[in-house]
Every structure is written in structure tokens, then in C-alpha cells.
Amino acid sequence: MEHSDQTELLLERVEDTLNFYRGTILDLVACRMEGDPGWPALRSLILRAFGDRGLSKRLRTLIFGYANAIQNVDNQLKGDTHGKSK
């Protein structure tokens, strides 16, 4: 299903916010952990948790899921039960 420009804009804003806070968290933790032998592994875990397979993927799935549900309801209200806009 095609996603609206509003959905794409929302996703872009959410990803920008997520990227900002991921960077902030990494900077804060790096200040305390840099030089610690466990820092590279912790950094990797943080990046994975916030990345394309972690929180970012989950948020993308939720946003597109809600957008699809809203589009389906809108189509039903218009009398189109097959998911095609009139």
C-alpha cells in the first residue's frame, strides 16, 4: 500500500529524533566508558538497539501499520471494501 506524504514526513521526523537521542546517549556513555575494554561491545549494543533492526524498525512498522489501518477505515467509509480508493 502506498503511504501518504504525511506518513513519510512523520517517519522522517521520528527517525531524526531517534538519531538525535541515539547520538546523545552514545556521547554521554562514551564520556564515562571511553578507554574501558567493555566500551566497544556496549557501543555496538546501543547502536543495534536503536538501529535499523531495533527501535527504528519497530517505530517504522508501527507508523506504517497505523497509516494502513487509517487508510482502510477511510476506504470503508467511502464504501470501497476492496482497499482501492474511488
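Structure: above.
Residues numbered from 1 in each chain as written. Predicted model: local features only at pLDDT ≥ 70, side-chain atom pairs only at ≥ 80, totals over all residues. Heavy atoms only, no water.

Attention shifts here to the nonpolar core. Grouped together as the largest cluster of nonpolar side chains are 6 residues: Leu-18, Leu-26, Ala-30, Trp-39, Ile-46 and Phe-50. When contributions to this core are tallied by element, the ones reaching two or more residues are α1 (5-33) and α2 (39-50). (Core = buried A, V, L, I, M, F, W, Y, C linked by side-chain atoms within 4.5 Å. Buried < 20%, exposed > 50% of the residue type's maximum accessible area, 1.4 Å probe, protein only. Helix = DSSP H or I, 4+ residues; strand = E, 2+ residues; numbered from the N terminus.)

Taken together, Asp-5, Glu-8, Glu-12 and Asp-16 make up a surface patch of like negative charges. Looking at the secondary structure, you find Asp-16 in helix α1. In this structure Asp-16 comes out as partly exposed when scored by relative accessible area, which is 47%. (Patch = residues over 30% accessible without salt bridge, like charges linked within 9 Å, V, L, I, M, F, W, Y side chains within 5 Å. Areas by Shrake-Rupley, 256 points an atom, 1.4 Å probe, with all protein chains shown as cover. Salt bridge = Lys/Arg side-chain N within 4 Å of Asp/Glu carboxyl O. Lys, Arg positive; Asp, Glu negative; His and termini not counted. Charge placed at Lys NZ, Arg CZ, Asp CG, Glu CD.)

Tallied over the full model, the rule gives 1 aromatic pair. With a centroid separation of 5.0 Å and an interplanar angle of 85°, the aromatic rings of Phe-20 and Tyr-21 are classed as edge-to-face. The partly exposed category is assigned to Tyr-21, whose relative accessible area is 47%. (Phe/Tyr/Trp six-rings, centres within 6.5 Å; stacked < 30°, edge-to-face > 60°.)

Here we come to the pattern of salt bridges. In the structure shown here, the tally under the stated rule is 2 salt bridges. In this structure, Arg-60 engages Glu-15 in a salt bridge whose closest nitrogen and oxygen atoms are separated by 3.1 Å. A residue pair is termed long-range when its members are at least 10 positions apart, and Arg-60 in helix α3 (residues 55-77) and Glu-15 in helix α1 qualify at 45 residues. When its relative accessible area of 23% is taken as the criterion, Glu-15 is described as partly exposed. Between Asp-74 and Lys-78 there is a salt bridge, and its shortest N-O distance comes to 3.2 Å. The class for Asp-74 is partly exposed, based on a relative accessible area of 29%.

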